[in-house]
Number of protein chains: 2
Amino acid sequence: MFSKACEYGIRATLYVAMQSMEGQRAGLREIVDVTGTPAAYMAKILQKLVHAGILDSVRGPVGGFGISRIKIDNIRLAELVHTLEGDRFQGTCLLGKKSCGDTVCPLHNEFLEMKEEMLGMLENTSLFELASQLSLGLGTLKYRDEGET
Amino acid sequence: MFSKACEYGIRATLYVAMQSMEGQRAGLREIVDVTGTPAAYMAKILQKLVHAGILDSVRGPVGGFGISRIKIDNIRLAELVHTLEGDRFQGTCLLGKKSCGDTVCPLHNEFLEMKEEMLGMLENTSLFELASQLSLGLGTLKYRDEGET
DNA sequence: AAAATAAAAGACTAAATTGTCCTTTAATAT
DNA sequence: ATATTAAAGGACAATTTAGTCTTTTATTTT
Ligand code: FES
Ligand code: FES
């Protein structure tokens, strides 16, 4: 569904959001540990999120990544996905057309409703909703079936 | 959403189905022309579909690809996708877990309904439905925004 | 039987994605 | 000031996906 970069990025962002809500910064080491993802690769992804203005970072001791409460409330999954995947989920076609324009792919009609629902979901789900659930212990950020031998 | 191989494969299969319903075999040249896809790559994909028992093929003049009426009626999009993508869409997680098992990813709850709908759609949409629509002139197999300078 | 046709098969190249490593820069603490 | 810490940055390696090219095999036509 999503690229690895996007998966990792979502997981990291949610962890950072969770920590920021507790007034804590999250360091790379910590993020990588709690998500079980490749450190150097995650560093790149975090960098991208900082560049995009989604996360903020400070260097040095006591440094790490954070995200403001305003952003936690306002940033939607769609923005995260767009930052990490580009246009791949931006109002586009299931079968690879650039957009569902004038002429339409063979799956357009069958999947129209489903697609609207999915894009709506991405557009309406805030980081806050997701991070809150995580704080309540619903859901995990680290998967056994991934890396980590 | 889907890989190129899968996109191309779906488009090709639908064209072959359309032609088979008219009692015509479809050759690679023709398929490539009508879908606007890279010929040699499409050949690989068609081969895979033949191996999977979805399409049949005959060599030599008057040869080409076909699909039986029974298969047109019974094969669902899910089978096609599974053949061309492996398990990537097989009852699995939006965020990359192998399956929505005991512990669940942060998107599981929000997207559960949507995902069920999508998997249901893949499972319930037959080639016949899609090919019929194409025969009626609804939908296109060749995209301007793709290759083909 | 030969010539022509079209799929099968396999080896290969190109590009994108994923992942690693190593150096630099900024912040803090001693 | 200097040593330490942690992110930033860039160059690289590995893997996967996408795409090409060339030869072989099966079928049909002449
Ligand atoms: S044209 Fe393909 S989903 Fe709309
Ligand atoms: S666990 Fe991720 S969608 Fe179910």
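Up top you'll find the structure we're talking about.
Remember, it's a predicted structure, so these values are computed and weren't measured experimentally. The written sequence of each chain sets the order in which its residues are numbered from 1. Whichever chain is written first is A, and whichever ligand is written first is 1; the rest continue in order. Only residues with pLDDT of at least 70 are given local features in this predicted model, and only at 80 or more are side-chain atom pairs given and counted; all residues enter the totals for whole chains, interfaces and linings. Hydrogen atoms and water are omitted, and side-chain values are computed over all heavy atoms in the structure.

(A) Main features of the overall build of chain A. Strands are runs of DSSP state E lasting at least 2 residues, helices are runs of H or I lasting at least 4, and numbering of each runs from the N terminus. Within chain A one finds seven helices and two strands. Going residue by residue from the N terminus, the α and β elements of chain A occur as α-α-α-β-β-α-α-α-α. Taking the principal axes of the C-alpha coordinates as reference, chain A spans close to 55 × 35 × 30 Å. Considering only intrachain contacts with a sequence separation of at least 6, the fraction spanning at least 24 residues in chain A is 67%. Note on charges: Lys and Arg go in the positive column, Asp and Glu in the negative column, and His and the chain ends are not counted at all. Here the site of a charge means NZ on Lys, CZ on Arg, CG on Asp, or CD on Glu. Between the centroid of the 16 positive side chains of chain A and the centroid of its 19 negative side chains there is a distance of 8 Å. Two residues qualify as a contact provided that any one of their heavy atoms is within 4.5 Å of a heavy atom in the partner residue.

(B) Broad picture of unusual backbone geometry. Even without being a glycine, Val 62 of chain A presents a positive backbone phi close to 65°. Following the sequence through the fold, Val 62 of chain A ends up in the loop between β1 (56-58) and β2 (64-66).

(C) Representation of the environment of Asp 33 of chain A in the model. Structurally, Asp 33 of chain A is set in helix α2 (residues 28-35). Each C-alpha atom, one on Asp 33 of chain A and one on Glu 116 of chain A, is 35 Å from the other, the two residues being 83 residues apart in sequence.

(D) Just the state of the cysteines, in detail. Any two cysteine sulfur atoms lying within 2.5 Å of each other are counted as a disulfide. The final tally for this structure, using the stated rule, is zero disulfides over all chains. A disulfide-free cysteine, Cys 6 of chain B has its sulfur positioned 12 Å from the sulfur of Cys 105 of chain A, the nearest such atom. A relative accessible area of 0% means that Cys 6 of chain B is categorised as buried. To sort residues, take the accessible area from a 1.4 Å probe on protein chains only and compare it with the maximum for the residue type: under 20% means buried, over 50% means exposed, and anything in between is partly exposed.

(E) Local environment of the protein's contact with DNA strand D. Put simply, a residue is near a molecule or strand once any heavy atom of it comes within 4 Å of that molecule or strand. Near DNA strand D there are 25 residues, and of these Leu 28, Lys 44 and Ser 57 of chain A together with Lys 4 and Arg 59 of chain B occur at the shortest range. Sugar and phosphate atoms constitute 63% of the interface atoms of DNA strand D, taking the interface as everything within 4 Å of the protein. Any pair of N or O atoms that falls within 3.5 Å is considered a polar contact. Within protein, one atom must be able to donate a hydrogen and the other to accept it, and sequence-neighbouring residues count only if both atoms are side-chain atoms. Tyr 41 of chain B places a polar side-chain atom, nitrogen or oxygen, 3.4 Å from a phosphate oxygen of DNA strand D. Interatomic distance of 2.9 Å between a side-chain N/O atom of Arg 59 of chain B and a base oxygen of DNA strand D.

(F) A look at the relation of the copies chain B and chain A. Turning chain B through 180° and shifting it by 0.0 Å along the axis lays it on chain A, with an RMSD of 0.0 Å. In the structure described here, the two chain copies are related by an operation that fits a two-fold rotation axis. Of the C-alpha atoms belonging to chain B, the one lying closest to the rotation axis is found on Met 1 of chain B, 3.0 Å away. The overlap is high: 100% of the interface residues of chain B also sit at the interface in chain A, so the same surface is used on both sides. When the copies are superposed, the least-squares fit takes in the C-alpha atoms of residues with a pLDDT of at least 70 in both.

(G) Up close: the interface of chain B and chain A. The interface of chain B with chain A comprises 39 residues on the first partner and 39 residues on the second. Both sides of the chain B and chain A interface together cover about 3,700 Å² of buried area, and 64% of this is carbon and sulfur. Reported buried area values correspond to the accessible surface (1.4 Å probe) lost by two parts on association, with both partners' losses combined. The largest share of the area that chain B buries against chain A comes from Met 1, Leu 95 and Glu 110 of chain B, three residues that together contribute 18% of it. Whenever Lys or Arg places a side-chain nitrogen within 4 Å of a carboxyl oxygen from Asp or Glu, that contact is recorded as a salt bridge. The tally of links between chain B and chain A comes to zero salt bridges. Counting only elements with at least two residues in the side of chain B that touches chain A, the list comes to α1 (4-21), α6 (108-124) and α7 (127-135) of chain B. Broken down by element, the residue count for the side of chain B that touches chain A peaks at nine residues, all from α6 of chain B.

(H) Molecular detail of the protein's contact with DNA strand C. Taken together, 25 residues sit near DNA strand C, with Lys 4 and Arg 59 of chain A together with Lys 44, His 51 and Ser 57 of chain B positioned nearest. Of everything in DNA strand C that lies within 4 Å of the protein, sugar and phosphate atoms constitute 63%. Within the side chain of Gln 47 of chain B, an N or O atom sits 3.5 Å from a base nitrogen of DNA strand C. In the environment of DNA strand C, a phosphate oxygen lies 2.6 Å from a nitrogen or oxygen atom belonging to the side chain of Ser 57 of chain B. Of all the secondary structure elements, the ones that give two or more residues to the surface near DNA strand C are α1 (4-21) and α3 (39-51) of chain A together with α3 (39-51), β1 (56-58) and β2 (64-66) of chain B. By residue class, the composition of the surface near DNA strand C is 12 nonpolar, eight polar and five charged. Each residue is assigned to one of three groups, with Ala, Val, Leu, Ile, Met, Phe, Trp, Tyr, Cys and Pro labelled nonpolar, Asp, Glu, Lys and Arg labelled charged, and all others, Gly among them, labelled polar.

(I) Looking closely at the nonpolar core. Ranked by internal contacts, the top residues of the largest apolar core, which has 92 residues, are Phe 2, Ile 31 and Leu 107 of chain A together with Phe 2, Ile 10 and Ile 31 of chain B. Among residues more than four places away in sequence, those in contact with Leu 107 of chain A are Leu 95 of chain A together with Phe 2, Ile 10, Leu 77 and Leu 130 of chain B. Residue types Ala, Val, Leu, Ile, Met, Phe, Trp, Tyr and Cys, when buried and joined through side-chain atoms within 4.5 Å, form a set referred to as a nonpolar core.

(J) Looking closely at the side chain of Gln 19 of chain A. Residue and element names in this part refer to chain A. If you trace the backbone, Gln 19 turns up in helix α1. Using a relative accessible area of 14% as the deciding quantity, one classes Gln 19 as buried. If near-sequence neighbours (up to four positions away) are discounted, Gln 19 is found in contact with Gln 24, Ala 26 and Glu 30.

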